[in-house]
Amino acid sequence: METLLDTFFRSILSIIVLFLITELMGKKQISQLNMFDYIIGISIGSIAASLSVDDSIHYIDGIFCIIIYGGVATLISVLTTKSIVLRRFFTGTPSVLIDKGKIIYSNLKKSHMDVNDFLQVARENGYYDISQIYYSILEPSGKVSFLPKSKYIPVTPNDMKLKVSDQGLCANLLIDGKLMKNNIKNIGKDVEWVTARLKNMGYEDISKLLLVVCDNKEQFTVYEKTDTIDVANVLE
């Protein structure tokens with residue numbers, strides 16, 4: 001029992017320290033991992049896991065190591081925002097994979113990406129015919145960006161000289177059967193207004209609704225909870 005309690009305490013301590021370090025390092029650690037961030041993240045995770053189950057590691061030693069890694073990552077992040085040279089060294093630079101419709105094979109090789117890998121990424125971005133691609137760039141984060149040829153770029157209202165109003169943010173008024181009172185208040189409405197609108201649309205029991213979204217024109221989009229749906233499986 002004593003060992004279990006010690007492991008429990010160590011695990012909770014690791015989670016708290018990881019949370020604090022992640023807050024210090026910022027959201028970039030989650031959403032824009034580069035190679036350096038990836039290495040730091042793996043190292044911190046490994047130390048935290050060892051601290052949880054290895055009682056030969058003292059609490060202070062484990063926490064100190066996590067703080068060191070997190071501090072170094074934060075310092076590098078600050079330095080790279082001020083120095084282009086350091087930014088290039090730690091985060092890397094983009095690589096052009098397709099230039100004016102031509103595949104740059106040498107850059108594919110430098111990026112350790114073969115043709116099949118590239119075709120897969122292109123399909124995942126909606127390009128089943130790579131002849132439609134004008135430029136393709138491998139970003140430092142590992143993601144691939146695409147610029148289609150002019151004739152394949154979707155037409156926008158600006159291209160058609162149409163006047164359109166800004167959409168603004170949509171408000172989630174209900175999530176998983178529960179009314180979001182703060183969101184409702186922030187759009188200048190109350191719960192009675194929402195429930196009345198839903199009743200007029202034929203939704204008496206809001207617990208059966210998964211999501212209700214309201215746009216800036218006060219139009220509702222309602223998603224019901226659905227357990228099963230008939231879809232033909234053609235992707236096996």
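Shown above is the structure to which this text applies.
### Let's talk about the packing of aromatic side chains
Part 1 of the reasoning: Summed over the entire model, instances satisfying the criterion amount to four aromatic pairs.
Part 2 of the reasoning: Relative to F146, the ring of F118 has its centre 6.0 Å away and its plane inclined at 45°; by these criteria the two rings are tilted. Taken together, the residues F118 in helix 7 (residues 115-124) and F146 in strand 4 (residues 144-148) connect sequence positions 28 residues apart. Here F118 and F146 have matching classes, each one buried.
Part 3 of the reasoning: On the basis of an interplanar angle of 40° and a centroid distance of 5.2 Å, the ring pair of Y127 and F146 is categorised as tilted. You can see Y127 sitting in the loop between helix 7 and strand 3 (133-138) and its partner F146 sitting in strand 4, a full 19 residues away along the chain. Like F146, Y127 is buried.
Part 4 of the reasoning: An aromatic cluster is built from F118, Y127 and F146, whose rings are joined through pairwise contacts.
Part 5 of the reasoning: The ring centre of W193 lies 4.8 Å from the NZ or CZ of K189, which sits over that ring.
Part 6 of the reasoning: A cation over an aromatic ring shows up here: R197 above the ring of F220, its NZ or CZ 4.3 Å from the ring centre.

### A word on the nonpolar core
Most often, soluble globular proteins have nonpolar side chains that are buried together.
Part 1 of the reasoning: Judged by nonpolar contacts, the single largest core of 14 residues is most densely connected at L173, V194, L198, L209, V212, F220 and V222.
Part 2 of the reasoning: Secondary structure elements with two or more residues in this core: strand 5 (171-175), helix 9 (191-200), strand 7 (209-214) and strand 8 (220-224).
Part 3 of the reasoning: Those residues in contact with V222, other than ones at most four positions away along the chain, are L198, M201, Y203, L209, L211 and V212.
Part 4 of the reasoning: If you look at the next biggest cluster of nonpolar residues, it comprises 13 residues, including F36, I47, A73 and I76.

### With respect to the sheet that holds strand 6 (residues 178-179)
The pairing of strands in a sheet comes from backbone hydrogen bonds and takes either a parallel or an antiparallel form.
Part 1 of the reasoning: Reading across the sheet, the four strands line up as 6-5-7-8 and stay open at both edges, with antiparallel pairing between neighbours. With one partner strand each, in any of the chains shown, strand 6 and strand 8 form the two edges of the open sheet.
Part 2 of the reasoning: The pairing of strand 5 with strand 6 spans two bridges and is antiparallel. Counted as the bridge partner of I175 is K178 from strand 6.
Part 3 of the reasoning: Each of strand 5, strand 6, strand 7 and strand 8 is contacted by helix 9, which is oriented at about 70° to strand 8, the strand it contacts most.

### Details of the pattern of salt bridges
Part 1 of the reasoning: According to the stated counting rule, one finds two salt bridges in the structure shown.
Part 2 of the reasoning: Note that K189 and E218 form a salt bridge whose closest N and O atoms lie 3.2 Å from each other. Of this pair, K189 sits in the loop between helix 8 (181-186) and helix 9 while E218 sits in the loop between strand 7 and strand 8, placing them 29 residues apart in sequence.

Parameters at a glance
- Residues numbered from 1 in each chain as written.
- Predicted model: local features only at pLDDT ≥ 70, side-chain atom pairs only at ≥ 80, totals over all residues.
- Heavy atoms only, no water.
- Phe/Tyr/Trp six-rings, centres within 6.5 Å; stacked < 30°, edge-to-face > 60°.
- Helix = DSSP H or I, 4+ residues; strand = E, 2+ residues; numbered from the N terminus.
- Buried < 20%, exposed > 50% of the residue type's maximum accessible area, 1.4 Å probe, protein only.
- Lys NZ or Arg CZ within 6 Å of the ring centre and 35° of its normal.
- Core = buried A, V, L, I, M, F, W, Y, C linked by side-chain atoms within 4.5 Å.
- Contact = heavy atoms within 4.5 Å.
- Pairing = 2+ DSSP bridges.
- Axes fitted to C-alpha atoms, helices over the stretch in contact; angles between N-to-C directions.
- Salt bridge = Lys/Arg side-chain N within 4 Å of Asp/Glu carboxyl O.

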